[in-house]
Amino acid sequence: LMNEVSQLAKRDLESIFHPMTQISTLKETGAMMIARGEGIHVYDENNNQYIDGLSGLWCTSLGYANEEIAQVAYEQIKVLSYGHLFLDKSHNIAVELAEKLKDMVPGNFSKVFFGLSGSDANDTQIKLIRYYNNARNRPEKKKIISRNKAYHGITFATASAAGLPPMHQGFDLP
């Protein structure tokens, strides 16, 4: 626990709603304010070093401050910083990545669907299963089975599929 909540942590309390967080405790302790990352380590605003065992919630498995990734990202940002795939829009980076992913995974997959998070990916899978069964005239097939202590995301559908009681309590999830 912090002895004194920093000014930045106070600003955080006034501005940010933290998912999966006990707000009353956060008001007492303040958020741990991460200032930077290098490799597998993150450093708080007081320069205390921590190993990021969760890899930034699974998004930095190649480490922080990775120069090669930074350079590749910089070069791509100069050309096209973002491109969505809704409706009839696409771009060469999405096509090249989809082809590479299809070559990497076993099986004969015809398409790649890009999501923005694990929650988004799992939520989409739930929707596709429901759509498939509706199209096959099996609308009663809606049950999703999950293990106790399983985590699948924080969207409405994925939290419903999670086997974690705190993700259900107070939210009236199916």
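Preceding this paragraph is the structure being described.
Given the structure is predicted, the values throughout are model-derived calculations rather than measurements.

*Asks:* It is not clear to me how the environment of Val42 should be interpreted in this structure. Could you clarify?
*Replies:* Tracing the backbone shows Val42 in strand β2 (residues 41–44). On the basis of relative accessible area, Val42 is assigned to the buried category, the value being 9%. Distance from Val42 to Gly56, taken between C-alpha atoms, is 9.3 Å for residues 14 residues apart in sequence.

*Asks:* Can you walk me through the side chain of Asp12 in this structure?
*Replies:* Mapping Asp12 onto the fold places it in helix α1 (residues 7–15). Not counting residues up to four positions away in its chain, the partners in contact with Asp12 are His18, Ala31 and Met33.

*Asks:* Help me understand the pairing of β2 in this model?
*Replies:* By the bridge criterion, four bridges tie strand β1 (residues 34–38) to β2 in an arrangement that is antiparallel. Its bridge partner lying in β2, Gly37 is registered against Val42. Connecting β1 to the antiparallel partner β2 that follows it, the hairpin turn spans two residues, and Gly39 within it adopts a positive phi of roughly 60°. Pairing of β2 with strand β3 (residues 49–51), which is carried by three bridges, proceeds in the antiparallel orientation. Bridge pairing in β3 places Tyr43 opposite Gln49. Taking the residues between adjacent antiparallel strands as the criterion, β2 and β3 are bridged by four residues, where Asn47 takes a positive phi near 70°.

*Asks:* Could you clarify how one ought to interpret the packing of aromatic side chains in this entry?
*Replies:* Ring pairs (aromatic) are described by centroid distance and by the angle formed between their planes. Under the definition given, this model contains zero aromatic pairs. Cation over ring: Arg36 sits above Tyr43, and NZ or CZ is 3.8 Å from the ring centre.

*Asks:* Hey, could you run me through the pattern of salt bridges in this one?
*Replies:* Oppositely charged side chains may form a pair once their charged atoms are brought near each other. Evaluated as defined, the whole model comprises three salt bridges. A salt bridge links Arg36 to Glu38; the shortest N-O distance between them is 2.5 Å. Arg36 gets classed as partly exposed once you look at its relative accessible area, which sits at 34%. Taking the relative accessible area as the measure of exposure, Glu38 reaches 40% and is therefore partly exposed. Lys89 is the partner of Asp88 in a salt bridge, and the nearest nitrogen-oxygen pair spans 2.6 Å. We classify Asp88 as exposed; its relative accessible area is 62%. Accessibility expressed as a relative area gives 43% for Lys89, which makes it partly exposed.

*Asks:* Where do I start with unusual backbone geometry in this structure?
*Replies:* A negative phi angle characterises most non-glycine residues, just as the trans form characterises most peptide bonds. Look at Ala65: it is not a glycine, yet its phi comes out positive at around 55°. In this structure, Ala65 sits in the loop between α3 (55–58) and α4 (67–79). The class of Ala65 is exposed, set by a relative accessible area of 57%. We note that Asp172 has phi near 55°; this positive angle belongs to a residue other than glycine.

*Asks:* Could you clarify how one ought to interpret helix α6 (residues 118–135) in this entry?
*Replies:* Along an α-helix, residues three or four apart share an orientation, since each turn contains 3.6 residues. Taking 1.5 Å per residue, 18 residues should reach 26 Å; α6 reaches 25 Å between its end C-alpha atoms and fits that length. Within the span of α6, buried status applies to Ser119, Asp123, Thr124, Ile126 and Asn133. Buried residues belonging to α6 abut α7 (156–161). The opening residue of α6 is Ser117, an N-cap whose side-chain oxygen sits 3.3 Å from the backbone nitrogen of Ser119. Trailing α6 by a residue or two, Asn137 shows a phi angle of about 60°, which is positive.

*Asks:* Looking at this model, I keep getting lost on the sheet that holds β1. Mind explaining?
*Replies:* Within a beta sheet, neighbouring strands are joined by backbone hydrogen bonds and run either parallel or antiparallel to one another. In spatial order, the strands read β1-β2-β3; together these three strands make up an open sheet with antiparallel pairing. Looking at strand neighbours, the two that pair on one side only are β1 and β3, the edges of this open sheet. Strand-to-strand twist of the sheet, defined as the mean angle between neighbouring strand axes without regard to direction, takes the value 30°.

Thresholds, definitions, all that
- Residues numbered from 1 in each chain as written.
- Predicted model: local features only at pLDDT ≥ 70, side-chain atom pairs only at ≥ 80, totals over all residues.
- Heavy atoms only, no water.
- Helix = DSSP H or I, 4+ residues; strand = E, 2+ residues; numbered from the N terminus.
- Buried < 20%, exposed > 50% of the residue type's maximum accessible area, 1.4 Å probe, protein only.
- Contact = heavy atoms within 4.5 Å.
- Pairing = 2+ DSSP bridges.
- Phe/Tyr/Trp six-rings, centres within 6.5 Å; stacked < 30°, edge-to-face > 60°.
- Lys NZ or Arg CZ within 6 Å of the ring centre and 35° of its normal.
- Salt bridge = Lys/Arg side-chain N within 4 Å of Asp/Glu carboxyl O.
- Expected span 1.5 Å × (residues − 1).
- Polar contact = N/O pair within 3.5 Å; in protein donor to acceptor, adjacent residues only side chain to side chain.
- Axes fitted to C-alpha atoms, helices over the stretch in contact; angles between N-to-C directions.

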